[in-house]
Structure formats: C-alpha cells, structure tokens
Amino acid sequence: MSDAPSNGTALGPGSHPEIAPSVRLKMYSSMWRARVFEKRVYDLFMSGLVKGTTHLGTGQEAVAAGFSTAMRDDDMVFCTYRGHNHTLLRGAPMDSLMGELLGRESGCCGGKGGSMHLTDVEQHAMGSYAIVGAHLPVAAGAAWASAERGTGQVTACFFGDGTTNIGAFHESLNIAAVWNLPVVYVCENNLYMEYTPISSVTAVPNPAADRAAAYGLEPIIVDGNDVDAVYRTALTALHRARSGGGPSLIEAQTYRHHGHSRADPGKYRPDEEVEAWMRKDPLILYRARLESLGFAASDLDQVEEAARAEIDAATAAAKEAPEPGEAVLMTDLWADGGASWRR
Amino acid sequence: MSDAPSNGTALGPGSHPEIAPSVRLKMYSSMWRARVFEKRVYDLFMSGLVKGTTHLGTGQEAVAAGFSTAMRDDDMVFCTYRGHNHTLLRGAPMDSLMGELLGRESGCCGGKGGSMHLTDVEQHAMGSYAIVGAHLPVAAGAAWASAERGTGQVTACFFGDGTTNIGAFHESLNIAAVWNLPVVYVCENNLYMEYTPISSVTAVPNPAADRAAAYGLEPIIVDGNDVDAVYRTALTALHRARSGGGPSLIEAQTYRHHGHSRADPGKYRPDEEVEAWMRKDPLILYRARLESLGFAASDLDQVEEAARAEIDAATAAAKEAPEPGEAVLMTDLWADGGASWRR
Amino acid sequence: MATLTYREAVARGIAQEMARDERVLLIGEDVAEAGGVFKTTQGLRERFGPRRVRDTPISEEAITGMVMGAAMNGLRPIGEIMFSDFLATCWDIVANQIAKTRYMTGGQIELPLVLRSANGGGARFGGQHSQSVENWAMAIPGLKVVAPSTPVDVVGLMAAAIRDPNPVVFLEHKALFATKGEVPDGELVDTLGRAATVRQGDHATIVALAAMVPKAIEAADLLGREGISADVIDLRTLVPLDVTAVATSVAKTGRLFTVEENPRLCGWGAEVASIVAEECFWDLDGPIVRITTPHIPLPAADAIEDMAIPSVNRVVETVRASMQ
Amino acid sequence: MATLTYREAVARGIAQEMARDERVLLIGEDVAEAGGVFKTTQGLRERFGPRRVRDTPISEEAITGMVMGAAMNGLRPIGEIMFSDFLATCWDIVANQIAKTRYMTGGQIELPLVLRSANGGGARFGGQHSQSVENWAMAIPGLKVVAPSTPVDVVGLMAAAIRDPNPVVFLEHKALFATKGEVPDGELVDTLGRAATVRQGDHATIVALAAMVPKAIEAADLLGREGISADVIDLRTLVPLDVTAVATSVAKTGRLFTVEENPRLCGWGAEVASIVAEECFWDLDGPIVRITTPHIPLPAADAIEDMAIPSVNRVVETVRASMQ
Ligand SMILES: Cc1ncc(C[n+]2csc(CCOP(=O)(O)OP(=O)(O)O)c2C)c(N)n1
Ligand SMILES: Cc1ncc(C[n+]2csc(CCOP(=O)(O)OP(=O)(O)O)c2C)c(N)n1
Ligand SMILES: [Mg+2]
Ligand SMILES: [Mg+2]
C-alpha cells in the first residue's frame, strides 16, 4: 500500500487527472495477486487442505484493487467472509493469510479465525465478518472514532447485494448519514445471494443504488470490473469522506467466477450469463487496456509471474507451519491473554 | 365495526364518492371514544391506579378512526405500545381494555399484558407490541397467511416515525413488496421518538415517505389530523391490497398532545409547535367541518356524551373487577393452558 | 424400513407433514430452489410447489416475524434460520415476540410454528457458524426446544414439532447431517418431552444431546469394558425436559455426568445438574460433573476445534477419574 | 461522603471516567438531551458536550455496532441499550461480534467498551420491558457481566467496567434506581470479579444479585431471628465469577441457596449450583436450592408480578423448609 498515490485522496470529485502508469501497474499486480491467491485456495480446498468453507472473490478483484490502491495507508477496511481480496490487497502478507486458511499457527489469526475471519489490524484490515450485515455498523463506529479523534482516516466497508436486505444495512446507512461519518459503503453486486438471484428477493432493481435516496445519499453505480473506474470512484468517495462530506454508498456491479462457497459449481446461473461475464473478466479487460496504452507485454507478464511466485512461496510456508496446539486454545479471549471466567 | 361501509373497500383509488353522513358520525364518535378513554387513562395513571407506564394516543385519534372505519370486519390490525386508540376502535370493549390497564382479571389479557400489550383477537386487534419495529414483520406474516389462504383480509400495521430507523422496518417493507403482500404500513409521524425530534436522527425529512422508493413503493403522505383524508387514503390502500396490488406505506402526519409516556410533560417541544398543533386538534377540526356540513350540534353533543357515559361505565366495571390471583400466574404459557417445562 | 441420512430425515419429516396438512409451509434463505445449503430441504419445492416452499431475502427478522404472523392467522409455518448462530440476528422476534405472545395476551394468540436451524460445531466454520445455542432457547420461557441425534428421531420429532400448537425451536446438528440410520416406512410421529435411555448401566448416568449422544454412547461402551457401566440418556428435547428419566437413572446409579457442546456457562447441563442437585441430592454418591466445550467461541482450525468440543476420550477420562 | 440514589450513582460513575479520560463517550437513545429515560445520564451532556454524549436513532444494532467499531479505533465508548430486553434486537452484534472478535482474530482486536442497560422487573412494565437477562450475557464467552446492588458499587464497578480492556455488559436494575446509599467522595474504582459477603452466618449460604440482594439480606435477618444464620453473598459480577467466595462460604455452611430474578431455566443460579455440586460436593449437607422467577415472562399486573419475582417471604420460607 505504501506506494498508493499520496495525492489521490486530495482530489475533489471530477478532478482526477490521468492515472499514473505506476498506479496502473500496481492495480494490475493487485488483481493478479488476488487471482492467484484465490485459485490456490480453491485447489487447496478441493484437495482437502483448506477445510470448512471458503468464499472466493475471483472475478471481483477490480473492486478490491481499485479501492485499496486509492486508500491512504491508515484508512480502514471492513469486509465479509468473501474477504480474501480485500485483506490481501490492504497489505496482509500472503503467507499469513494462507496459514490461516490452512489452520496453522502462522495464520493471521493463529488459526482461530479461518477463511471467513481474515484480519490484519496492522494493515488496517479490520476484519472479515461472517454474519451478513453485522460489519456495517462496526465500520460506522470505526469511522465515528476517526471523526472524533480527528485522524483523517476513512473507513471502507464492502458487502454484497444480498446484504442490502438485512436490517443492519438500514440502521448503518441512516446513522452514517445523520452523523455525517467518513465511511464509504461499497456494495459488490454480483447478482446473487448464495444461490438466489438478487432480483427475486429485492424490491428494487439496483439493491444499493436505489436505496441511496432513503438516506439522503446520491445513487452511485460503477462498473466493478473496470479497475480504473473503481479507482476513480474510490478517490472521489474517499476524498468526500475525508474532507467532511460524509458517507457514500457505491454499487459496484461485478460477478463471481466460482460458485458461492466451497465446491459450489454455481449451476443455478444461466450459461449465457456466466459466459458474458467471463468475457468481462477484469484481468483480461485490464491487460488489453494496458497494452493499448503502451505497457510492454513483458512487463505485464512479469507482474503475473511475480504473483505466481509469491503464492507458491506463501503456500509452501503455510504448509510447513505447525498446527496450533492445546496452548493456543485457551488464549486471547480476554485482554490479559487468557480465557478464564472465574476467580 | 359492523356498520363500516361495506362498499368502501370495493372502491378503487380516486373513485371515492362523498363520505356518507353515518360514516362521518361514526368517525366522530370513534375519535371521541378514543379521546375520553385516553383522558381517563391519564387521570388514573396520575392517581396511581394505572401502574407501570402508558403511552397515550391523544391527538392522533384521526388515524385510528379513519382506518378502523375503512376496514372490513376481518381485517387485522397490529399496533404499538401507543395502541389504545387502535385496539379500542377495532372493537375491543372499553371495560376489557380498562380492566387490563388496571391490572384486573377482567382485562383483555387477564392482566398479563398491561398498557403496552392490549390485544383483542376476536376483534382482529392482533396485539400491541412494545419493542420498536418488531410487529412490522409479524404484520407481513399475517398478510402472507391471508394471501395464501385466500381470505381477502388486509392487515394494517401502525408505528411511529422513530420506528423507520430500525432494521425490522427495512426487512419488512422489502419482503412485503417482493411478495406483494396485502399489508398497509402506516407511519404515524408525530415528530418525536420519545424526547428526541425525529429530524435530528433521521437522514431524510419524511421518515416514511422518503423511504418508499427504496421498496419500489409510491410515497404517500396524509394529514393525519384530518379524519376524512385518512379515511379516503385508507380506502385506497386497503382496496389496493385487497385487489392484489400489494403493500402501501403511508405517512400520516400528526402530533401527540401529551408527552411520550407516563407523566412526561413533553417540555422538550417548543411552545409554539405545541400550540400550533393543539389548534389542529382532530376533534375540534372535525366538529367544525361537520357543523359546516349541516350536522346538528345536538347530535354531535350526544356523540360526546355517549362516549363519556361509556368510559364512566367501563371505569367503574374495571375498578370492581378482581385482581388476578396466583392461579392465573402459571397459566397460558403453553397451548395446554399451563406453564410447565418438565415431565 | 429405509436407511436415511440425518439430512434426508429432515426433508422426510417435513414432507410427511406438508403432505398431511396444507397449512404447513416452509420459508427461508435458499430453502426452495437450492434445496437448502445443507440439502435438508431438497425436493420439497418440486413436490409442494413454489408457494409452499419459498426463498426469502437475507432478512432473519422478516423470516421469523412472518412465521409468527402467519401462525396467528391460520398457517402452521416452518421458518429456516440457516445457521443457529444467526438466531442472534432475530433474537428479539424469537425471544421477545414468539416466545412471550401467548402468555402476554392471556392465551389469546396461539403460535403453531417451527423454527429450524443448523446447530453445532465440528465443521471448521469458525466462531460465527459453529455455535451450539440450545441453551439460548432453553433460557426463554415459551419456547420448546428439540435437538435430535438420529434420523428416526429427526422424522418423528419433526412431525411432533410441526403438530405442536406451541412455538418449537428445532435444532439440526451439522455434524450429524451425513450420519445414517434406519427409519421405518409410513407415518412417524414422536412425542416431545421424552428422553431415550440408549445404554443401560449401574454406576453412572451420562446425559447427552444431539452430536454428543454418539460420543456418550461410545464412551459408555469403552467405560463398560473397564467395569464402569453407565446409563446413557439422550434428552432429545430440552423443553419439555424429561426430568423423570434423569432422576430415575440417578436414583439407580448415584452419579451424574452431562456431556454438552455449548460453552460452559449456563448451558443445559447446568440446568440438569442443578435440578439433580436439588431434587435428587440424597441419591447422589459423588459430585455432578459437567463435560462441556470450554467457555470460548469455537476456533476454526481443525487441530484446536477438536480439542474444544467434548470428545469420546474426554468423556471416558472424566468419568473414569471421577469414579475412582 | 454523599447520599446518592442508585440512578445518580450511574451518572456519577460515568462522569468520573469521562472527566478522567477523553476517549470515553456515551451514546444511546435519549441519553443526551433528555438525560436518559431513567434519568441515569442526567447532566452528562451539559458537562461533557454534545459530541461526547450523543442521542442516536432507534437503531440498537447501530448503537452496539458503532460502539464496537469505535472501540477498535481508539475510543472507549459506552453504549446504552435502554431496556435490557432490547438487547435481543442487537444480540448478533453483542454475542457474535463484540464477544467473539478478540478470540477469532487471535487477539488482534481489543474492545474496551461498556454496554449499559436497565434490567429487571417489578415496575409493572409487562413482559417485554421487565426481563432479567444477565444469564443471556453470562452464557456468551467473551463478555464480562456486572450487576451491582448498591450506589457505591454502581460507581466503583462502573469505573472498573469502563477501564476494563474487555467488553462489559453493565446491568442497572430498574427496581433499585430510587434506592439510596452512602458514596464516599473522590475517585472510586472497584474490581470486577469480587463478590461481597454482606451478611455473615453459619448455617446457609444465600447467593444473590442486584435487586435480589436487599431481599436476601432481609430474609437472612428474619431467618437469623429463627436461629438460622446465613452468609449472604452479593455476586456483583457474573463474569468474572467469584467462585472462591461461594466455595469458601459453602465449605463453612454446607448449604447453598441462590436467589435470582431471571426465569428458572439456565440462569446464573444454575451455573453457581452446578459449580458447587461439582467442586464442593463433599462440603454439602443438603440439597442446593434455587429460588427463581418461574419459567414465564413477567406479567404486567402488580398483583401477579409480585408473585412471580422472588420475595423476601419466599426466600425465608424456602430456606426454612429446606433446613428442617
Ligand atoms: C445473517 C446471515 N444470514 C444468512 C447468512 C448465510 N449467507 C452467507 S453468504 C450469504 C449470501 C450473501 O449474499 P451477498 O450479500 O450478495 O454477498 P456475496 O456472497 O454475493 O458476496 C448468505 C445468505 C449469513 N452469513 N448471515
Ligand atoms: C427496540 C426498541 N428500542 C427502544 C425502545 C424504547 N422506546 C419506546 S417508544 C420509543 C420511541 C418510538 O418513537 P416512534 O416510533 O416515533 O413512536 P411514538 O412513540 O412517537 O408513537 C422508544 C425509543 C423500544 N421500545 N424498542
Ligand atoms: Mg451477492
Ligand atoms: Mg413518534
């Protein structure tokens, strides 16, 4: 994150200059790092090494890449069980994430969290929340603290289309608006809540954007597969929040390449729909754009290779790490490090 | 309820003829019955006979009077702790309500419910709910059952402005819209949630109407102190629901004459605001209209006197009724009439 | 007689009742088209149609509230809350509305409804998808609480729950979904409030529930070889609680052990232990011992999740140590 | 030394900590302008300003969620949930998020926060505004639970709760708000996890909490006149639980009685009874007896509400009958 454009967040709406080549390359790299990470997680899940469940962000990388690149180092991120992209791109080391997914002591949560709870507070990745909607008010609270303490931080909170129908969404958006909090709510609309098309359970066509007015907010829709568009939208919203303009609610339209979780093949989705979206793969689109902008193919290849090398090393490290033992079980319930409830 | 205009609910939007004199007289009577009831409750609370708490609907009678008059006998009503008006005007006998408020065995809930839980299922007054927002999904469920069973019933659900900011509001409105349920949601916007002005905690000026679009619904605002206007709006919404047109969300603008609850004098409200609204007292306004329409003052006086006689009789009966005894305590937890959890 | 998995038994029990009574409907997230995320409702939509088996938005307060409202108005609905952890998102509707309404209205409102949910750990899902919350429900007056351990019990208790005129929280254990058992053909209807003594013994009473039942049985078998014979009681329902079964056994054995999966404090084991410590005190020959998950959330990593949930080994060792 | 009401003590405790640490903020419904519906936060907004004491919409999930998020990011916030019954509307945030986050993140996230709420019955408010839910919180790993019985304890335990680096559920009892007590001048900081033995005796141990403490004391005084002398232990906090205080007393008296207001099943009394039945079994001279509200919602009518909640009389009669 350290080479995030330090001037980016000083920009007002509509005033974005061209995106610098270094920023573009970074976003390309971010998307590839996320892509290879999720691909590896999938393989490890299928081979039984990642246990329980996992929700991949494959296909949705542009949202995390665009936002993480636009953020200030100390901006905070809250995300869901589908949070690998966000936690990784906020700066969490790949091996600590992979260690968590493999249930190792080296994991970012020491193995206690698992795939649905990736967290790296040092990198301001403030947690992955596995109960739909719950992190929206928490993100508002983090933003409230920034405002009270005058830190200038902005909080970004990512969630899915299905999340717009739960009560916590409503309560959070209302209070964020009333208290004018520096928080950016980003709905990654991938058209499905698990196996159910979002349109079949939602009263409006655009689950987030069509609700913005209910909180006095502007409706914002962005092509969530176009990392440049996401980046620019992110800059605008982050700037607005940071300069006291209050919250935003952004609907990023995107699609997941895999099923909802685990080994779900996603058969409930029409073939044509899947194919159309596969053609809109954010990585393919962006490579074409970068090439047309004159980026050397070899530079782009190198980005991809670096990502592959990184995931191989991270996987190897995670596999070698020990499993947590009995000593770990009864730690970290309380701030004193222990788990005793009695005296 | 039995003389509710049987043709009323057959009317489509915009096609209301003049309101019949008998209906008008009934609504005037309804408002007076509610008024004297609440006045007596207040006095009994101040003298310590009504214990605990009580939330008066004084000033808001036109909403309950207009709706209850427009309803079909078997339409259902769900309301809040501020539910005396609605339960009474749906048809619950005054003495059983007063008995409940005085904690007597003759009370509609045998003394177990109290002021915040007045219920008369026989009259389709399906309960008063004391936790903000909770009855909105319950009302949706009752409407869902009507739809599935094909009973033609409509459910009306009343709540306050403050309720629009809780999650259950959002979940209920969304599913009611998606499932096209025969339910009419009525927000009685009395400008305050307890002691807090609604505008200070809400992201939009009209807490209900400005949210209607978030559920694909039309924004509807009605003067909640004009019983004719409420009645017409009710007819339209009930008709729409009954004929398969789905839910409505209505914001009825009104004001409470008393404080929020108990002995609250409501001092947090500006004097001018209170005075302006006292001039808009729905009973005074309606008497003036009825007189201008040619109703005889003596007929109107008689309505008022009948209401006073009714409350006096109800109070006397309630005072004479016995308090519930030990035998009552352990009944009615389960359908077998008892409260045993063991075998 | 057929061999069914526990998950198939869920669908079988629901189907039996839906076929019998058209007032029975099922709603929840992904219960219809997808047949449930645990495949426990597979085939129901196809058989009973899209109106009687219906997908909802992610709106747990709406699901539970609507089930309540529908039960007031002539239906006998079933609501699925996907993971029992999510009951927390609608706990007001469950604990304050559904549970209390009959009492608060002086018996005017009857709520014949079932809330089903996948409960329990062992699946490496981490702290927000693994809880055993049967004690949450047991602590609320007005809720019946069912948690079967075998496919045949699932069918019969599901039928009993659906036919019960009271609200029932029906907890299906995730770790049991793949287990199999014989289920007789034809209509099965069990009774709420009857425990089953699934092993007989003289020296100790081991009380268990749901996924802890097979572990308790295995432990009793192992202990039996060491000369410690135990009654194993599968409670099957927490409310109504079969105190008689437990008390009768303790009168015989003189020792009580509970094996429960919920975190330690205020679990059903504490309730059972307390009842025995009061009502059967003079029958007791030694301490009442609870074997529980420690008072922690469940961790995700398999290595430590397995240490947290009571194991056969832990039951054997605890009983053995305490009986010496 | 001043005489304060319990409700004044709440404001005093909060004010002491707000004056000391500017990271302490208070939010909730009607806590600011109105000074709280129970007048427990009166004067705080005037003294500490509208940013540090702030009214919220009716959004309990937002209140608790924001308190959690703010605690992650450098504040030490206090959230008020007006009536403890309403904790059910945000139970997911309390039980699944606030309680579990430190553990699930391997200790990365610290949540120094307090959730305050008015708990308990006796005010004729009916079933949805009268519950004692201390056992709900006790059953959730990761929450500390405090429920003081006197003004001086309110001040000192409030300070301790606010300074504690863990999430604390702080339950103020509605029936005690008007009670008075002496409170020393100057800074008061108590310790979580220490029970107080408020009466000394030899024949029985009576353990109580919050509004049951004065009743237990009165009962012990009456029993004393009959020759039954009892230790009365005010637990003060449920988590951490002062097992030592209870066990020490039971070792002396041989008999345990718990007096609790929550409905019977799975209350804190069951937990205390079970611990004693396991750890102090050989000290016991007779059954452990729990005196509780029956397993019902609280009714509104004064005549029957008073029958439901344990009374001095019920304590006296139960102890007497059991000691014969
Ligand atoms: C309160 C709650 N209800 C249900 C679930 C189960 N669940 C997990 S993910 C999911 C779908 C979420 O859809 P969406 O918000 O669109 O996010 P996506 O998975 O598409 O990223 C559901 C229903 C949950 N985790 N929490
Ligand atoms: C979930 C919940 N939070 C808080 C309360 C306390 N409370 C009771 S009434 C009320 C204000 C409600 O305002 P509004 O919806 O406008 O209804 P009104 O009282 O004005 O009719 C509040 C906050 C409650 N009963 N339930
Ligand atoms: Mg989605
Ligand atoms: Mg209001």
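The model shown is predicted, which means the values in this text are computed figures rather than measured ones.

### Focus: the sheet that holds strand β7 (residues 168-173) of chain D
Residue and element names in this part refer to chain D.
Working step 1: What the seven strands build is an open sheet, ordered β3-β2-β4-β5-β7-β6-β12; its pairing is mixed. Each end of this open sheet is capped by a strand with a single partner; those strands are β3 (53-55) and β12 (237-239). Each adjacent strand pair in this sheet contributes to an overall mean axis angle of 20°, direction not counted.
Working step 2: Here strand β2 (residues 26-28) pairs with β3 via three bridges, running parallel. Paired with isoleucine 27 across the strands is arginine 54, a residue of β3.
Working step 3: Across the sheet, helix α1 (residues 6-20) is in contact with β3, β4 (78-83), β5 (114-119) and β7; its angle to β7 comes to roughly 150°.

### Some thoughts on the coordination of the magnesium ion (ligand 4)
Put simply, a metal with four donors set out as a tetrahedron has ideal angles of 109.5 degrees, and one with six donors set out as an octahedron has ideal angles of 90 or 180 degrees.
Residues and elements named next belong to chain B.
Working step 1: The coordination sphere of the magnesium ion (ligand 4) contains the protein donors Asp161 (OD), Asn190 (OD1) and Tyr192 (O), at a distance range of 2.1 to 2.2 Å.
Working step 2: A relative accessible area of 4% means that asparagine 190 is categorised as buried.
Working step 3: With relative accessibility at 7%, the residue tyrosine 192 sits in the buried group.

### So, the site of ligand 2
Working step 1: Of all residues adjacent to ligand 2, which total 22 residues, the nearest are Tyr81, Arg82, Gly162 and Thr163 of chain B together with Glu60 of chain D.
Working step 2: This site is not confined to one chain, since residues near ligand 2 come from chains B and D.
Working step 3: Glutamate 194 of chain B places a side-chain nitrogen or oxygen 3.0 Å from a nitrogen atom of ligand 2.
Working step 4: In this structure, glutamate 29 of chain D approaches ligand 2 through a side-chain N or O atom, which is 3.5 Å from a nitrogen atom.
Working step 5: Relative to its unbound accessible area of 580 Å², ligand 2 is 98% covered by the protein chains.
Working step 6: Split into classes, the residues belonging to the shell around ligand 2 amount to 10 nonpolar, seven polar and five charged.

### Focus on the state of the cysteines
All names here are of chain A.
Working step 1: Taken as a whole and assessed by the stated rule, the structure comprises zero disulfides over all chains.
Working step 2: Cysteine 109 forms no disulfide, and the closest cysteine sulfur to it belongs to cysteine 108, at a distance of 4.0 Å.
Working step 3: Using a relative accessible area of 1% as the deciding quantity, one classes cysteine 109 as buried.

### Description of the interface of chain D and chain C
Working step 1: In this assembly, 48 residues from chain D lie in contact with 48 residues from chain C.
Working step 2: Both sides together, the interface formed by chain D and chain C hides about 4,300 Å², and carbon and sulfur atoms give 62% of it.
Working step 3: Across the contact surface, chain D and chain C share four salt bridges.
Working step 4: Note that arginine 264 of chain D and glutamate 278 of chain C form a salt bridge whose closest N and O atoms lie 3.3 Å from each other.
Working step 5: One can count 26 residue pairs in polar contact (both at pLDDT 80 or more) joining chain D with chain C.
Working step 6: Among the elements of the structure, α4 (91-98), α5 (101-104), α6 (134-138), α10 (268-279) and β14 (289-293) of chain D are those that each provide at least two residues to the side of chain D that touches chain C.
Working step 7: Tallying contributions element by element places α10 of chain D first for the side of chain D that touches chain C, with nine residues.
Working step 8: Here the side of chain D that touches chain C is built from residues that sort into 28 nonpolar, 12 polar and eight charged.

### Points about the coordination of the magnesium ion (ligand 3)
Residue and element names in this part refer to chain A.
Working step 1: Distances from the magnesium ion (ligand 3) to its protein donors, Asp161 (OD), Asn190 (OD1) and Tyr192 (O), fall within 2.1 to 2.2 Å.
Working step 2: Written as a sequence motif, the donor residues of the magnesium ion (ligand 3) are D-x28-N-x1-Y. With aspartate 161 in the loop between β3 (155-160) and α6 (167-178) and asparagine 190 in the loop between β4 (183-189) and β5 (192-193), this residue pair connects regions lying 29 residues apart in the sequence.

### Brief notes about the relation of the copies chain D and chain C
Working step 1: Superposition of chain D onto chain C requires a rotation of 180° combined with a translation of 0.0 Å along the rotation axis, giving an RMSD of 0.0 Å. Taken together, the turn and the small shift mark the pair as related by a two-fold rotation axis.
Working step 2: The overlap is high: 100% of the interface residues of chain D also sit at the interface in chain C, so the same surface is used on both sides.

### Observations concerning the pattern of salt bridges
Residue and element names in this part refer to chain A.
Working step 1: By the definition in use, this model includes 82 salt bridges over all chains.
Working step 2: Here aspartate 75 makes a salt bridge to arginine 242, at a shortest N to O gap of 2.8 Å. Of the two residues, aspartate 75 is situated in the loop between α2 (61-70) and β1 (76-80) and arginine 242 in helix α7 (residues 227-242); the sequence distance between them amounts to 167 residues.
Working step 3: Among the residues examined, aspartate 75 registers a relative accessible area of 0% and is labelled buried.
Working step 4: Aspartate 301 serves as the salt-bridge partner of arginine 287, at 2.8 Å between the closest nitrogen and oxygen. Taken together, the positions of arginine 287 in helix α9 (residues 282-292) and aspartate 301 in helix α10 (residues 297-320) put the pair 14 residues apart, joining distant regions of the chain.
Working step 5: Overall, arginine 287 belongs to the buried group, its relative accessible area being 16%.

### Notes on the side chain of aspartate 75 of chain B
Working step 1: A polar contact is formed between the side chain of aspartate 75 of chain B and the backbone nitrogen of arginine 72 of chain B, at a distance of 2.9 Å.
Working step 2: Apart from residues no more than four positions distant in its own chain, aspartate 75 of chain B is found in contact with Arg90, His124, Gly152, Gln153, Val154, Leu238 and Arg242 of chain B.

### A short note on the domain arrangement of chain C
All names here are of chain C.
Working step 1: One can read the domain layout of chain C as domain 1 (2-183) and domain 2 (196-323).
Working step 2: The distance between the C-alpha centroids of domain 1 and domain 2 comes to 26 Å.
Working step 3: Residue-level contacts link 24 residues of domain 1 with 27 residues of domain 2.
Working step 4: Here domain 1 meets domain 2 over a buried area of about 2,000 Å², counting both sides, of which 58% is carbon and sulfur.
Working step 5: Linking domain 1 with domain 2 are three salt bridges, by the criterion used here.

### Examining unusual backbone geometry
Working step 1: Cis rather than trans, the peptide bond between valine 239 of chain C and proline 240 of chain C has omega equal to -5°.
Working step 2: For proline 240 of chain C, the position within the fold is in the loop between β12 (237-239) and α9 (243-253).
Working step 3: Even without being a glycine, arginine 124 of chain D presents a positive backbone phi close to 60°.
Working step 4: Structurally, arginine 124 of chain D can be placed in the loop between β5 and α6.
Working step 5: For arginine 124 of chain D, a relative accessible area of 18% translates into the label buried.

### A few points about the sheet that holds strand β13 (residues 256-263) of chain D
All names here are of chain D.
Working step 1: Read across the sheet, five strands follow the order β9-β11-β10-β13-β14 without closing on themselves; strand pairing throughout is mixed. Each edge of the open sheet carries a strand with a single partner, namely β9 (196-199) and β14. Shown here is a sheet whose adjacent strand axes are inclined to one another by a mean of 25°, direction ignored.
Working step 2: As paired elements, strand β10 (residues 204-208) and β13 share four bridges and run parallel to each other. Within β13, the position partnered with valine 207 by the bridge is threonine 258.
Working step 3: Across the sheet, helix α12 (residues 312-323) touches β10, β13 and β14, and the angle it forms with β14 is around 160°.

### A short note on the pairing of strand β7 (residues 220-223) of chain B
Residues and elements named next belong to chain B.
Working step 1: The side-chain alternation of β7 yields one buried face, formed by Ile220 and Val222, and one unburied face, formed by Ile221 and Asp223.
Working step 2: Here four bridges tie β7 to strand β8 (residues 248-253), and the two strands are oriented parallel to one another. Pairing of aspartate 223 across the sheet is with glutamine 253, part of β8.
Working step 3: Of the crossover connections in this fold, the one passing from β7 over helix α7 (residues 227-242) to the parallel β8 is right-handed.

### A look at the packing of helix α3 (residues 60-72) of chain D against α4 of chain D
Pairs of packed helices are described in terms of their axes, by the angle between the two and the distance that separates them.
Residue and element names in this part refer to chain D.
Working step 1: Direction vectors running N to C along α3 and α4 enclose 25°, while the axes themselves pass 8 Å from each other. By the criterion of interaxial angle, the relationship of α3 to α4 is roughly parallel. Touching Glu61, Thr64, Gly65 and Met68 of α3 are Ile93, Val94, Gln97 and Ile98, all from α4.
Working step 2: Classifying every residue of the contact of α3 with α4 gives four nonpolar, three polar and one charged.

The rules behind the values
- Residues numbered from 1 in each chain as written.
- Chains lettered and ligands numbered in written order.
- Predicted model: local features only at pLDDT ≥ 70, side-chain atom pairs only at ≥ 80, totals over all residues.
- Heavy atoms only, no water.
- Pairing = 2+ DSSP bridges.
- Helix = DSSP H or I, 4+ residues; strand = E, 2+ residues; numbered from the N terminus.
- Axes fitted to C-alpha atoms, helices over the stretch in contact; angles between N-to-C directions.
- Contact = heavy atoms within 4.5 Å.
- Donors = N, O, S within 2.8 Å, 3.2 Å for Na, K, Ca; no water.
- Buried < 20%, exposed > 50% of the residue type's maximum accessible area, 1.4 Å probe, protein only.
- Near = heavy atom within 4 Å.
- Polar contact = N/O pair within 3.5 Å; in protein donor to acceptor, adjacent residues only side chain to side chain.
- Areas by Shrake-Rupley, 256 points an atom, 1.4 Å probe, with all protein chains shown as cover.
- Nonpolar A, V, L, I, M, F, W, Y, C, P; charged D, E, K, R; others polar.
- Disulfide = S-S within 2.5 Å.
- Buried area = accessible area lost by both parts, 1.4 Å probe.
- Salt bridge = Lys/Arg side-chain N within 4 Å of Asp/Glu carboxyl O.
- Least-squares fit on C-alpha atoms with pLDDT ≥ 70 in both.
- Domains from an automatic or database assignment.
- Right-handed = clockwise from strand over helix to strand, strands pointing away.
- Parallel < 35°, antiparallel > 145°, perpendicular 65-115°, else oblique.

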